[in-house]
Amino acid sequence: AALREQVLSARSAVANATGVATDARRDLERNEALYQAGAIAERTVEQAKSARDAAQAQLASARALLANADESIDVHGDTTETLTALIYLQREILAA
């Protein structure tokens, strides 16, 4: 049960971090366009870059947690249900 909870928690963290990273990337793209049009200051673009970088780092961390959960299952084994959830999550990550 503990490994299952670890996988579910890692899955949730990856899903959340993926959404945040996607939003940060879009914000940066929008801010870059606004800057090119002269509508916003360069500082705003720099802040958006920092937010994007932080979101990407959070996503990398969440993926590492998932990899650790995966490794724990490989070493310790767990239920078929947990393995199925992990495979599903890995497919989501690869698609992101």
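Everything numeric in this text was worked out from a predicted model, so none of it was measured.

> Please set out the pattern of salt bridges residue by residue, giving values where relevant.
Considering all chains together, one arrives at four salt bridges under this definition. In this structure, glutamate 29 and arginine 25 form a salt bridge, with 3.3 Å as the shortest nitrogen-oxygen distance. Here the residue glutamate 29 and the residue arginine 25 both occupy positions in helix α1 (residues 2–36), the gap between them amounting to four residues, near one helical turn. Of the residues examined, arginine 25 reaches a relative accessible area of 37% and is grouped as partly exposed. Arginine 30 is the salt-bridge partner of aspartate 27, the closest N and O atoms lying 2.2 Å from each other. Placement of both aspartate 27 and arginine 30 in helix α1 is noted, with a separation of three residues, approximately one turn of the helix. Residue classification places arginine 30 among the partly exposed residues on the basis of a relative accessible area of 46%.

> Report on the confidence of the model for the protein chain, specifying residues and quantitative values.
Of the residues in the protein chain, 84% have a pLDDT of 70 or more, and the chain-wide mean is 86. Mean pLDDT across the elements of the protein chain ranges from a minimum in helix α3 (residues 80–95), with 70, to a maximum in α1, with 93.

Rules behind the numbers
- Each residue is numbered by its place in its chain's sequence as written, counting from 1.
- Residue-level local features of this predicted model are given only where pLDDT is at least 70; pairs of side-chain atoms are given and counted only at 80 or more, and the full residue set underlies all totals for whole chains, interfaces and linings.
- Processing note: side-chain calculations cover all non-hydrogen atoms of the structure and skip hydrogens and water entirely.
- For salt bridges, the criterion is a side-chain nitrogen of Lys or Arg within 4 Å of an Asp or Glu carboxyl oxygen.
- By definition, any uninterrupted DSSP run of H or I lasting at least four residues is a helix, any uninterrupted run of E lasting at least two residues is a strand, and each is numbered from the N terminus.
- Burial classes follow relative accessibility: with a 1.4 Å probe on protein chains only, a residue under 20% of its type's maximum area counts as buried, one over 50% as exposed, and anything between as partly exposed.
- Residue-level confidence of the predictor, termed pLDDT, takes values from 0 up to 100.

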